[in-house]
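Breakdown of the fold
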Amino acid sequence: MNRDLLQEDLILDEGIRLKPYRCTAGKLTIGVGRNLDDVGISRSEATLLLNADISTAEKSLDIYYPWWRTTLPEPAARALVNMAFNLGAGRLAGFKGMLSALKCGDYNLAAEECLDSKWRQQVGDRATRIAALFRSAAGEDK
């Protein structure tokens, strides 16, 4: 069987939708007829989406904060990507004090700044874990 032709047939018959929608049977659906209500996604599919989203977060940091890759030690870089993943570049820009502290290498201040925010109340323990990553970067070299 020619899988490429089958894919073309299925896209023609099912359509391709890149955002969730309700199909004619009322099921939450995405892509080419993927029934999310009954089938969902597999762990490997979730990981594939996650890796694409991590790459998107990294690219946004590359555009808005090009210093992050060359300046930050691994724990601080990981923490910043986590925040970019959650907030997006636009909302991350609101953390001016934290970003300034990161750029200057003051990771303890960056941790304090990240915790001194409305975001902390919204994400709870996530903010505490991210602040701990920033603190752990103090004394590390890039």
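Quick look at the structure, then. (Residues numbered from 1 in each chain as written. Predicted model: local features only at pLDDT ≥ 70, side-chain atom pairs only at ≥ 80, totals over all residues. Heavy atoms only, no water.)

1. Overview of the overall build of the protein
Per the secondary structure count, the protein includes 8 helices and 3 strands. Taking 142 residues into account, the globule formula puts the C-alpha radius of gyration at 14 Å, and the protein, at 20 Å, lies well above it. Along the first, second and third principal axes, the C-alpha set of the protein runs to 60 × 30 × 25 Å. For the protein, with 142 residues in total, the buried portion stands at 30%. Taking the contacts inside the protein whose residues are at least 6 apart along the sequence as the reference set, 43% of them involve residues at least 24 apart. Of note, the protein has its 19 positive side-chain charges centred 5 Å away from the centre of its 19 negative side-chain charges. (Helix = DSSP H or I, 4+ residues; strand = E, 2+ residues; numbered from the N terminus. Rg over C-alpha atoms; globule rule 2.2 N^0.38 Å. Buried < 20%, exposed > 50% of the residue type's maximum accessible area, 1.4 Å probe, protein only. Contact = heavy atoms within 4.5 Å. Lys, Arg positive; Asp, Glu negative; His and termini not counted. Charge placed at Lys NZ, Arg CZ, Asp CG, Glu CD.)

2. What to know about the nonpolar core
Core analysis: the largest hydrophobic core is formed by 32 residues, its most contacted members being Leu72, Leu80, Met83, Leu92, Met98, Leu102 and Phe134. For this core, the elements supplying multiple residues, two or more each, are helix 2 (43-64), helix 4 (74-92), helix 5 (96-104), helix 6 (107-115) and helix 8 (125-137). Broken down by element, the residue count for this core peaks at 9 residues, all from helix 4. Every residue in contact with Leu80, bar those within four places of it in the chain, is listed here: Leu61, Trp68, Leu72, Leu92, Met98, Leu99, Leu102 and Phe134. (Core = buried A, V, L, I, M, F, W, Y, C linked by side-chain atoms within 4.5 Å.)

3. Here's the deal with the packing of helix 4 against helix 5
Between two packed helices, both the angle of their axes relative to each other and the distance between the axes serve to describe the pair. Between helix 4 and helix 5, the least distance of the axes is 13 Å, while the angle of their chain directions is 145°. Of the two elements, helix 4 crosses helix 5, and the hand of that crossing is left-handed. Together, Ala76, Leu80, Met83 and Leu92 of helix 4 and Met98, Leu99 and Leu102 of helix 5 make up the contact between the two elements. When grouped by side-chain class, the residues that make up the contact of helix 4 with helix 5 number 7 nonpolar, no polar and no charged. (Axes fitted to C-alpha atoms, helices over the stretch in contact; angles between N-to-C directions. Left-handed = near helix turned anticlockwise from the far one by under 90°. Nonpolar A, V, L, I, M, F, W, Y, C, P; charged D, E, K, R; others polar.)

4. Observations regarding the packing of aromatic side chains
Scanning the entire structure with this criterion turns up 3 aromatic pairs. Consider the rings of Tyr65 and Trp67, whose centres lie 6.1 Å apart with planes at 65°: the pair is edge-to-face. By relative accessible area, which is 11% here, Tyr65 ends up buried. Here Trp67 falls in the buried class, since its relative accessible area comes to 13%. On the basis of an interplanar angle of 85° and a centroid distance of 5.8 Å, the ring pair of Phe95 and Trp119 is categorised as edge-to-face. (Phe/Tyr/Trp six-rings, centres within 6.5 Å; stacked < 30°, edge-to-face > 60°.)

5. With respect to the sheet that holds strand 1 (residues 17-22)
Read from one edge to the other, the open sheet built from 3 strands follows the order 1-2-3, with strand pairing classed as antiparallel. At either margin of the open sheet sits one strand with a lone partner, and together these are strand 1 and strand 3 (34-35). (Pairing = 2+ DSSP bridges.)

6. Section: the environment of Thr24
Checked against the element boundaries, Thr24 lands in the loop between strand 1 and strand 2 (28-31). Owing to a relative accessible area of 91%, Thr24 belongs among the exposed residues under this scheme. Residues Thr24 and Gln122, 98 residues apart in the sequence, show an inter-C-alpha distance of 36 Å.

7. Observations concerning helix 6
Considered for burial, the residues of helix 6 that qualify are Tyr107, Ala110, Ala111, Cys114 and Leu115. Seen from one end, helix 6 has its buried residues packed into an arc of 130°, which puts them on one side. The secondary structure elements touched by the buried residues of helix 6 are helix 3 (68-71), helix 4, helix 5, helix 7 (118-123) and helix 8. (Arc of directions from axis to C-beta.)

8. Overview of helix 1 (residues 3-14)
Relative to the 16 Å expected for 12 residues at 1.5 Å per residue, helix 1 spans 16 Å between its end C-alpha atoms, a close match to the ideal helical length. The N-cap of helix 1, judged by a side-chain oxygen 3.0 Å from the amide nitrogen of Asp4 a few residues on, is Asn2. Within two residues after helix 1, Gly15 carries a phi angle of roughly 85°, on the positive side. (Expected span 1.5 Å × (residues − 1). Polar contact = N/O pair within 3.5 Å; in protein donor to acceptor, adjacent residues only side chain to side chain.)

All we've got here are geometric facts, nothing functional implied.
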